[in-house]
Every structure is written in structure tokens, then in C-alpha cells.
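Report on the structure
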Amino acid sequence: MVDLKTDAEITWCPGCGNFGIFTAIRNAVPLLEQKGIKSEDIIMTAGIGCHAKIFDYLNLSGIYGLHGRNSSNAEGIKIANPNLKVINFSGDANGLAEGLAHTMFAAKRNQDITFILHNNSVYALTTGQFSPLAEKGWKGPSTPRGSIETPFNVISLLIEVGATFVARSYAGDINHLTETIVKAIEHEGFSFIEVLQPAMPYHKWEEYKDKIEYLGRKSNSKEEALKIAWNTHRFTIGVFYQETREVYHKSLYGSLNPVKESLSREKRLEKINEILKP
Ligand SMILES: Cc1ncc(C[n+]2csc(CCOP(=O)(O)OP(=O)(O)O)c2C)c(N)n1
Ligand SMILES: [Mg+2]
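Below is a summary of the structure that appears in this document. (Residues numbered from 1 in each chain as written. Chains lettered and ligands numbered in written order. Predicted model: local features only at pLDDT ≥ 70, side-chain atom pairs only at ≥ 80, totals over all residues. Heavy atoms only, no water.)

1. Quick notes on the sheet that holds strand β4 (residues 113–119)
Basically, it comes down to this: Two strands qualify as a pair provided DSSP detects at least 2 bridges between them. The helix and strand labels rest on DSSP assignments: H or I over at least four residues marks a helix, E over at least two residues marks a strand, and numbering proceeds from the N terminus. Here, two residues are considered to be in contact whenever any of their heavy atoms come within 4.5 Å of each other. With axes taken as lines fitted to C-alpha atoms, and helix axes fitted only over the stretch in contact, angles between N-to-C directions fall between 0 and 180 degrees.
As summarised here, the arrangement of the eight strands in space is β2-β1-β3-β4-β8-β7-β10-β9, forming an open sheet in which the pairing is mixed. Two strands in the sheet have a free side with no partner beyond their single neighbour: β2 (61–64) and β9 (213–214). Alignment of strand β7 (residues 165–170) against strand β8 (residues 191–196), held across six bridges, turns out to be parallel. Bridge assignment links Ala167 to a residue of β8, and that residue is Ile193. Against the sheet, helix α3 (residues 70–80) engages β1 (42–46), β2, β3 (85–91) and β4, with an angle of about 175° to β3.

2. A word on the packing of helix α1 (residues 18–34) against helix α7 (residues 174–186)
Under the convention used in this document: Put simply, angles under 35 degrees are roughly parallel, angles over 145 are roughly antiparallel, angles from 65 to 115 are roughly perpendicular, and the rest are oblique. Crossings are sorted by hand: turned counterclockwise from the far helix by less than a right angle, the near helix makes the crossing left-handed, and turned clockwise it makes it right-handed. In this classification, Asp, Glu, Lys and Arg are treated as charged, Ala, Val, Leu, Ile, Met, Phe, Trp, Tyr, Cys and Pro as nonpolar, and every other residue, Gly included, as polar.
At a closest axis distance of 8 Å, the pairing of α1 and α7 adopts a crossing angle of 50°. Considered as vectors, α1 and α7 are oriented oblique to each other. Considering how the two elements wind past one another, α1 and α7 form a crossing that is right-handed. Along the contact surface, α1 presents Gly20, Ile21, Thr23, Ala24, Ile25, Asn27, Ala28, Leu31 and Leu32, while α7 presents Ile174, Leu177, Thr178, Ile181, Val182, Ile185 and Glu186. Residue composition of the contact of α1 with α7, by class: 11 nonpolar, four polar and one charged.

3. Observations regarding empty space enclosed by the protein
Put simply, the test is: Buried and open spaces are told apart on a 1 Å grid over the protein atoms alone, a cavity being a set of points where a 1.4 Å probe fits but cannot get out and a pocket being an open set with protein on both sides within 12 Å along at least five of seven lines. Residues with an atom within 4 Å of a point are the lining residues. Grid points are joined across faces, edges and corners, and a volume is the space filled by probe spheres set on the points.
Applying the stated criterion across every chain, the model contains one cavity of 30 Å³ or more. For the lining of the largest cavity, the elements supplying multiple residues, two or more each, are β3, β4 and α7.

4. Describing the site of ligand 1
To keep it simple, the criterion reads: If a single non-hydrogen atom of a residue is within 4 Å of a molecule or strand, that residue counts as near it. For the purposes of these results, a polar contact is taken to be a pair of N or O atoms within 3.5 Å, where, inside protein, one atom must be able to donate a hydrogen and its partner to accept one; residues adjacent in sequence count only when each atom of the pair is a side-chain atom. Criterion for pocket placement: a molecule counts as inside a cavity or pocket if more than half of its atoms are within 2 Å of its grid points.
Taken together, 16 residues lie near ligand 1, and Cys50, His51, Asp92, Asn94 and Leu125 sit nearest. Note that an oxygen atom of ligand 1 is positioned 2.8 Å from one of the backbone N or O atoms of Cys50. The contact in question runs from an oxygen atom of ligand 1 to an N or O atom on the backbone of His51, over 2.9 Å. With respect to the pocket detection grid, ligand 1 is positioned in the second largest pocket. Breaking the shell around ligand 1 down by element, the ones donating at least two residues are α4 (92–98) and β5 (122–123). It is α4 that provides the largest number of residues to the shell around ligand 1, a total of four residues. Tallied by class, residues from the shell around ligand 1 come to seven nonpolar, seven polar and two charged.

5. Some thoughts on the coordination of the magnesium ion (ligand 2)
Perfect tetrahedral coordination of a metal by four donors corresponds to 109.5 degrees between them, and perfect octahedral coordination by six donors corresponds to 90 or 180 degrees. Going by this rule: Counted as donors are N, O and S atoms no farther than 2.8 Å from the metal, or 3.2 Å for Na, K and Ca; water is not among the atoms, and sites may therefore look incomplete. Under the scheme applied here, a residue whose accessible area is under 20% of the maximum for its type counts as buried, over 50% as exposed, and between as partly exposed, the area being computed with a 1.4 Å probe on protein chains only.
The coordination sphere of the magnesium ion (ligand 2), as far as protein atoms go, consists of Asp92 (OD), Asn120 (OD1) and Val122 (O), spread over 2.1 to 2.2 Å. Of note, the magnesium ion (ligand 2) draws all its donor residues from one chain, in the sequence arrangement D-x27-N-x1-V. Placement of the pair is Asp92 in helix α4 and Asn120 in the loop between β4 and β5, with a sequence separation of 28 residues. Overall, the relative accessible area of 1% leaves Asp92 in the buried class. Accessibility expressed as a relative area gives 6% for Asn120, which makes it buried.

6. A closer look at a nonpolar patch on the surface
The cut-off we apply is this: Each patch is built from salt-bridge-free residues with over 30% relative accessible area, joining like charges within 9 Å and nonpolar side chains (Val, Leu, Ile, Met, Phe, Trp, Tyr) within 5 Å. Surface accessibility in these figures is a Shrake-Rupley result with a 1.4 Å probe; residues are shielded only by whichever protein chains are displayed. For this document, the term salt bridge refers to a Lys or Arg side-chain nitrogen within 4 Å of an Asp or Glu carboxyl oxygen.
Nonpolar side chains collect at one region of the surface, where Leu269, Ile272, Ile275 and Leu276 lie side by side and expose about 430 Å² of accessible area between them. Inspection of the secondary structure assignment puts Ile275 in helix α11 (residues 265–276).

Honestly, that's just the spatial picture; any functional story needs more than this.
Right, here's the structure in full:
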């Protein structure tokens, strides 16, 4: 088994919820290895922000790309080599503000990737602007009188646009988070985990701890899952929805792996001409 920790100095604030996510992913990879998934086949992408520092700390291969563009990078990796498992670490601003369209389309396409949303409800690295998940009334440097916007309900949003595994977990419950990550990576299709993650300059663990509630059961239908997502509070954790639907790369080219079975130029032209024949 590889050592999943690098030598990079960890610069998250003491007590940051990102440590919980880092621990859970380092627990999840060996569990996945036991199930036959090799760590060299687990590839990561990250956005830009405090969450994205995980890219430097975690000893997995990947692409550390532009702010908001990590879903596209993850999609590209997967369709280039469908044998790989791709984990997309995203901040809430990264994935739901600048990168919103990329996130929505990756879910719509049911790309077989795992999206881990570090939800600290704030732009942490850029020092405290309100984010798409900041609560109404939340006071920070850019919203001194309190945010006047209502946050997205990211669980119902992702169910609606086409994600086929949608869960919420909590950086303070390592076992729940580890289990959820394993299930999400094993799921074939777009798997999404919103991870509640306090950022120390802006929140306290006490704001989360006593409010966490566990979802009783998985829903049988999309309608039921949406109702549960609408009617539960934002500290409800568990798997809200899971369905089986054809994944993008299989709709695109069946079982072909373009890395392993690349076609010659002549063969490609032949195939294109065949499709274009009147
Ligand atoms: C293209 C681009 N736009 C904006 C920025 C500035 N920027 C860096 S991190 C960040 C937001 C960080 O918030 P989030 O994605 O929630 O991550 P967190 O720091 O909270 O983990 C922004 C706007 C950038 N680096 N690149
Ligand atoms: Mg954030």
C-alpha cells in the first residue's frame, strides 16, 4: 500500500474541517484497495482554495487546475481513460459559483466521477466572502450586515440536474465520511458528497456538533428523495438518493478505452465516412 501522505507542510488552520476530509480519504483508499481498486488508478482533481491544498498533501496522481474548472478536468480524465476512478475535490465557491456550470453539466451527463464538496459556506482562502452556500444573515467581511441571499439547497439541486448518487456527510464524523466516500467511489455514475466542514476563522465546531442528524433510509424514488431534501435541515447527513443510469463514457463509446485501443487515422476517417454516408 502506498503512503498517502506527502512531505508537503500542511498549512490549514489548526482545527480546520479539512483535516477530517483528509483523514477520511486516507482511510477510504485502503478500503477500496481491499475491494480490488488500485491506488494508482485513483486520480484526483482539485479547484483553488483551502480545500484544494489537499492536492499537495495527498499522494495520488491528478490535475491541479484552474479555479472552478476541476469538474471539466475530471470529465476529461475519465473519458480519456475510463479505467480510472476520478475524485474531484471542490470548494463550495469553486464548484457552485465560478464552476457552477461545469458541476451541473458533469452531473447532467452522469459522468462516472466522484465530487467531494468541501462545504465551509465561505470563500476561505480569499478571506471570508459569502459563498453560494452561506446562510441568509451570515456576517463576514463582504457581508457585514449579513448576507441577503438564500443559499442553494445543494442536495436537491444535484438530484434535480442528474447526479445518480447524492449524499451529505460531516468532517467531524470520520467513520460516516469514510463509508460515504467508499460508497460514492464504488457507485458507477456521478456521485456527489456535500461535506459539512467548519473553517476556523468563520465557524465553531459547536455550530455543527449538536445539530447533526442521521437520515433513516435511502429513498426509493427521485420524488421522495427531493421531498426529503426539501424537508430536512442542512445538518441532516446520509445518502439521499442513488439510481442506476448509463454513464457518459459508455453512451459515448461503449466499452472502448481510447488510451488502450486508439485507432489509426485511416480507421478513424473510415468510421467518420461511414457515419456521414447519406
Ligand atoms: C480564475 C480564478 N478566479 C478567482 C480566483 C480567486 N480565488 C481563489 S480561491 C477562491 C475561492 C475559494 O473558495 P472555495 O472554493 O469555497 O474554497 P475554500 O477556500 O473555501 O476551501 C477564489 C475566488 C482564482 N484563483 N482564479
Ligand atoms: Mg469554501
